[in-house]
Amino acid sequence: MSEISSSRVRAIFLIVAVVLGLATVGLVYMFDSQFTGESNGGKNDVLSVTGELYGETDDSPSTRDAGPLFFATMTHMEGSLTDDVNEVMFLKHVDALRFAMDLADEYKASLTIESEKPFARANVNWGVNIMKEILDRGHGVGTHCDIGFNKTATSVTAFAAEFKENKSLVDALVGATNNVGCSGGGSSVDWVLAASQAGFKYIDGVVGMHYLAMDISNRPSGSWTDAFIRKDGYHYAAPFNLADRISVFGLADATDFNEDTDWKIAVLAGELGALQNMSEGDAEKCTRICPLTNADIDALVQQIHEAVTLRDSSHVSKLDVYLTVNLFTPENEDVLRYFFSEVEKLADQGVITWATQKEIYEAFVAFQE
């Protein structure tokens, strides 16, 4: 073999050795990164959890940007209840809530029960912690805040103390970490700052009262004066336009409903109204004593389908319906079964995902990361 040929052979062997060495290093790195997540900044855990939650299988931007549409319920144990001084009434409500959970469980549905002061105190007074039982059964709990309606201007600190009073009573029943949301609380005082100071992370049950903290220019129209809100619009779902209230978003303060990146409170709106008012339009055309009928369920399903066409799929989206505790009776069983079965069909079709209010908040937080 000539000297030139020997040199070429040595060069070829050297090149092959280098290539094999680089390939080995690459395989080791790929193997290691598969388990450490270092190849994407260590975020594999977050993305895998998010993907599992939303049913996604890859982390591409187009897939990652698709947010789910959640469906939830609200049942408010109102401040007007007398359960803390009336054991018979309290036990009647306990039976009603258990009846509702039994039905919901059959259809893989999620309920959220939110308590004002009287019902929370009744749990202690009569020795039945139904709020903890609700949580233990896999349903949602939270605080209801019937505060702010008759207030004149006061400080955020004073308003936060009222939020905190309500929260502390429910915290004592279920633990502070399980009680991070409040329904209601709209006021002329900045309810975002006050609720945040009290320890809440999200607000649901968003209604016309929440516009009171906003300048008239940030309300649906110039006709939405304080007087109009307090007289007529106080319970209208807010934000007023359905397309605007489907997305879950965060607010830094209560000056408007425009999404803030440096948010303190997540707004879980999406209210469609009281279930028994659906066929009447839920525009205060009847009171909460309206009879519950299959027509209400049909109207609800129609609204859900409408919301699907309006929502921004780059956001976590949410709809909910209000179920009064007095609906949970054997007389309404057939209609309630129709409600749960119709929504279950939507869930099976992938149109909506059942969730508690707190679960929706947690999904929103995960989606931001």
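The structure contained in this document is the topic of the report that follows.

A short note on the environment of asparagine 125
Mapping asparagine 125 onto the fold places it in helix α5 (residues 117-125). For asparagine 125, a relative accessible area of 43% puts it in the partly exposed group. Counting along the chain gives 38 residues from asparagine 125 to glutamate 87, while the straight-line C-alpha distance between them is 8.5 Å. There is a polar contact of 3.0 Å between the side chain of asparagine 125 and the backbone oxygen of aspartate 84.

Re the packing of helix α4 (residues 87-106) against α5
Relative to each other, α4 and α5 sit at 100°, their axes nearing to 11 Å. Between α4 and α5, the crossing angle belongs to the class labelled roughly perpendicular. Two secondary-structure elements touch here, α4 through Phe90, His93 and Leu97 and α5 through Phe119, Ala122 and Asn123. A class-by-class count of the residues in the contact of α4 with α5 yields four nonpolar, two polar and no charged.

Details of the side chain of threonine 112
Residue placement: threonine 112 occurs in strand β2 (residues 112-115). Those residues in contact with threonine 112 that sit more than four places away from it in its chain are Thr73, Met74, Thr75, Gly140, Val141, Thr356 and Gln357.

Concerning α4
In an α-helix, one turn spans 3.6 residues, which is why side chains three or four residues apart end up on the same side. With 20 residues, α4 extends 29 Å between its outermost C-alpha atoms, agreeing within 8% with the 28 Å of an ideal straight helix rising 1.5 Å per residue. Residues of α4 that are buried: Phe90, His93, Val94, Ala96, Leu97, Phe99, Ala100, Met101, Leu103 and Ala104. Contacts from the buried residues of α4 go to β1 (69-77), β2, α5, α6 (130-136) and α12 (333-348). The distance from a side-chain oxygen at the start of α4 to the backbone nitrogen of valine 88 is 3.2 Å, and the residue carrying that oxygen is asparagine 86. After α4 finishes, the residue lysine 108 shows a positive phi value of roughly 55°.

Observations regarding the side chain of serine 247
On the secondary structure map, serine 247 appears in the loop between α10 (242-245) and β6 (249-251). Setting aside chain neighbours within four positions, we find serine 247 in contact with Val267, Asp312, His315, Val316 and Ser317.

Some details on the nonpolar core
The biggest cluster of nonpolar side chains holds 53 residues, and the ones touching the most others in it are Phe71, Phe328 and Phe339. Among the elements of the structure, β1, α4, α5, α6, α7 (156-174), α11 (294-310), β9 (317-322) and α12 are those that each provide at least two residues to this core. The element contributing the most residues to this core is α4, with nine residues. Setting aside residues up to four positions removed in sequence, phenylalanine 328 forms contacts with Thr75, Ala96, Leu97, Phe99, Ala100, Leu323 and Leu336. Within the second largest apolar cluster, 30 residues are counted, among which are Ala160, Val192, Leu251 and Val267.

Considering the packing of α5 against α7
At their nearest, the axes of α5 and α7 sit 9 Å apart, and the two run at 30° to each other. What the angle tells us is that α5 and α7 run roughly parallel. Considering the relative orientation of α5 and α7, their crossing is left-handed. Contact residues: α5 offers Lys117, Ala120, Arg121, Asn123 and Val124, while α7 offers Glu165, Asn166, Leu169, Val170 and Leu173. In the contact of α5 with α7, the residues fall into five nonpolar, two polar and three charged.

How each quantity is defined
Counting restarts for each chain: residues are numbered from 1 in the order of the written sequence. It should be noted that, the model being predicted, local features are given only for residues of pLDDT at least 70 and side-chain atom pairs only at 80 or more, the latter also being counted only at that level, while totals for whole chains, interfaces and linings use all residues. Hydrogens and waters are ignored; side-chain quantities use all the structure's heavy atoms. The secondary structure listing takes helices from DSSP runs of H or I that are at least 4 residues long and strands from runs of E that are at least 2 residues long, numbered from the N terminus. Classification of residues uses two cut-offs on accessible area relative to the type maximum, computed with a 1.4 Å probe and protein chains only: under 20% is buried, over 50% is exposed, and between them is partly exposed. We define a polar contact as two N or O atoms separated by no more than 3.5 Å, with the added condition that, inside protein, one atom must be a possible hydrogen donor and the other a possible acceptor, whereas residues neighbouring each other in sequence contribute only through side-chain atom pairs. For every element, the axis is a line fit to its C-alpha atoms; helices are fit only across the contacting stretch, and the angle between N-to-C directions ranges from 0 to 180 degrees. Each angle is binned into one of four classes, with values under 35 degrees roughly parallel, values over 145 roughly antiparallel, values of 65 to 115 roughly perpendicular, and all other values oblique. Contacts were defined at the residue level, with two residues in contact if any of their heavy atoms lie within 4.5 Å. For this classification, Asp, Glu, Lys and Arg are treated as charged, while Ala, Val, Leu, Ile, Met, Phe, Trp, Tyr, Cys and Pro are nonpolar and the rest, including Gly, are polar. Under the convention used throughout, the expected extent of a helix is 1.5 Å for every residue step, that is, one less than its residue count. Working definition of a nonpolar core: buried Ala, Val, Leu, Ile, Met, Phe, Trp, Tyr and Cys residues. They are joined through side-chain atoms within 4.5 Å. Handedness of a helix crossing follows the sense of rotation of the near helix relative to the far helix, less than a right angle counterclockwise being left-handed and clockwise being right-handed.

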